[in-house]
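Understanding the architecture of this molecule
Here's the letter readout for the chains.
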Amino acid sequence: MNKQALILLFIANSVSGIAQGISMIAIPWFFAQKSMLVYFGYAYVVTNILSMFWVPVSGSIIDRFSRKKVFLILTAVIGLIIGSIAIHGLNTGGLAPWIVAAVFTITFLNYNIHYPCMYAFIQEITEPKYYSGVTSLFEIVGQSTTILSGAFAALLLEGTRNGVLKIFSFDIHLGFNVTPWTIEKIFGLDAMTYGLAFVIIAAIRYTSLSDRHSEYGSTWRRIISGFRYLKAERSVLWFGTLSYAIFIAVLLESFYLGASYVKNHLETTGDVYATSKMAYSLGAIVIGFFIRYVMRVINIPLGIIIMTLAGSVIFFILAVTKSLWIFFTMMFLIGIINAGIRISRVTYLFNNVSNQYFGRAGSVFFLFNILVRTALLGIFALPFFQASNNIIYAFIILSAVILFSAILLSIKYRSFDLKLY
């Protein structure tokens, strides 16, 4: 196993992930503070539409080129763009809402290639017997950075009062005051970490452990070959698409619904919104330590069905309650469920999808994800959901969608590979 390469990959992902996480927490709250979440909802719809065209191409890129080179180009280009926007904001005294929305779109489109490329790279440089261990470790490291992002976001978004920072509604005495950061300063921090990540990725040396060859020909031809591969692997296609239900709900909550829920339903402040991301990440870290043992006694498809059903219940509870501690507890449990499903799904796909097609297969699954998410977001962006505390109805709808996916997974259960990992 390419141990040193994996360590550097994890470090690079963590370095850029902290500031990137702060930005993606700050952007929805920026619009919530300005009572412009409907505007942001439309921007999110546009972002998802762009993703529909970008995701198939990104999957083809991942399978065509060196994954290391893809990372280097991404970090350089995205870092320069966000850095330029930050400098513009600092020079002009602020950023227009459409520019802030553009940073969200750029970062989100980067996610669409970054994570599939990350998983494909991990599969390429890891021996099969270490798949579950490495994916669990990746989740633990990734969510640890999200906790730091949440803590820093709470500090930077709201600042401190008399040297006191609120985390989980507890007062933490820092002994010094911090004034809230403007969005352009947060983007500047984000851009700098991209530069550091570039240096770390450039230092990676590895030996490919996969039987993979470069594919030539047009991008369209390579995209079609990916669809044909999954058409011949129907059970993998069903598994890959249906197991994304919780992830769809989590993305909608994280980047859109959560800010409105905190502001309009819980009627509280940005530190609560940022702290909820920390609660989610704590749950993800907990399951990261134990999921390997769970997969030894429960096969992956059954485990995902159980966790999906639990997710449906949790989103319903969020809709019918109004308590900070229930909110934090449910976010903690959602962290456990989403991370547990993600680790299980990736382990399953590592064992059932050829590395030659892994990027394109992931793109097909993610394209389905985007189509469903865009349809739901088109509904949730209606002004009705931003009136009073009507955001709770969005959580009820998500609960029903997740339940429907669990039912379909149960129907297809016997067609999946049921071996233990």
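Each remark here, short or long, concerns the structure printed above.
The present account deals with the structure reproduced in this document. (Residues numbered from 1 in each chain as written. Predicted model: local features only at pLDDT ≥ 70, side-chain atom pairs only at ≥ 80, totals over all residues. Heavy atoms only, no water.)

Let's talk about the packing of aromatic side chains
Note on aromatic pairs: each is described by the distance of the centres and the angle between the planes. Note the threshold: To pair, rings of Phe, Tyr and Trp, with the six-membered ring standing in for Trp, must have centres within 6.5 Å; the planes then decide the type, stacked if under 30 degrees apart, edge-to-face if over 60, and tilted in the middle. To qualify as a helix, a DSSP run of H or I must reach at least 4 residues; to qualify as a strand, a run of E must reach at least 2; elements of each kind are numbered from the N terminus. Exposed residues in this analysis have more than 50% of their type's maximum accessible area, buried residues have under 20%, and partly exposed residues fall in between, with area computed by a 1.4 Å probe over protein chains only.
Counted according to the given criterion, the structure contains 34 aromatic pairs. Taken together, a centroid distance of 6.3 Å and an interplanar angle of 40° make the contact between Phe71 and Phe121 tilted. Note that Phe71 is positioned in helix H3 (residues 67-92) and Phe121 in helix H4 (residues 97-124), a separation of 50 residues in sequence. In terms of burial, Phe71 and Phe121 fall into one category: buried. Look at Tyr119 and Phe138: their rings are 5.4 Å apart centre to centre, the planes differ by 75°, and that puts the pair in the edge-to-face class. On the criterion of sequence distance, the pair formed by Tyr119 in helix H4 and Phe138 in helix H5 (residues 131-158) is long-range, its members being 19 residues apart.

Overview of empty space enclosed by the protein
Here is the rule: Cavities and pockets are defined on a 1 Å grid built over the protein atoms alone: a cavity is a set of grid points where a 1.4 Å probe fits but cannot escape, while a pocket is an open set with protein on both sides within 12 Å along at least five of seven lines, and lining residues are those with an atom within 4 Å of any such point. Grid points are joined across faces, edges and corners, and a volume is the space filled by probe spheres set on the points.
Applying the stated criterion across every chain yields a total of five cavities of 30 Å³ or more. Here the largest cavity defines a volume of roughly 1000 Å³. Taken together, 40 residues line the largest cavity, and the ones lying closest to its centre are Tyr115, Gln143, Phe247, Leu251 and Arg342. Going through the elements one at a time, helix H1 (3-33), H4, H5, helix H9 (245-265), helix H10 (270-297), helix H12 (324-352) and helix H13 (358-380) are the ones with two or more residues in the lining of the largest cavity. The leading source of residues in the lining of the largest cavity is H5, at seven residues.

Some details on the pattern of salt bridges
Convention followed: The term salt bridge refers to a pairing of a side-chain nitrogen on Lys or Arg with a carboxyl oxygen on Asp or Glu at a separation within 4 Å.
Throughout the structure, instances matching the rule amount to four salt bridges. Arg67 is the salt-bridge partner of Asp63, the closest N and O atoms lying 3.1 Å from each other. Side by side, Asp63 and Arg67 carry an identical accessibility label, which is buried. Among the salt bridges present, the one from Glu124 reaches Arg67, with a minimum N-O distance of 2.8 Å. Here Glu124 is found in helix H4, whereas its partner Arg67 is found in helix H3, with 57 residues between them in sequence. Exposure class is identical for Glu124 and Arg67. Each is buried. Connected through shared salt-bridge partners, Asp63, Arg67 and Glu124 make up one network.

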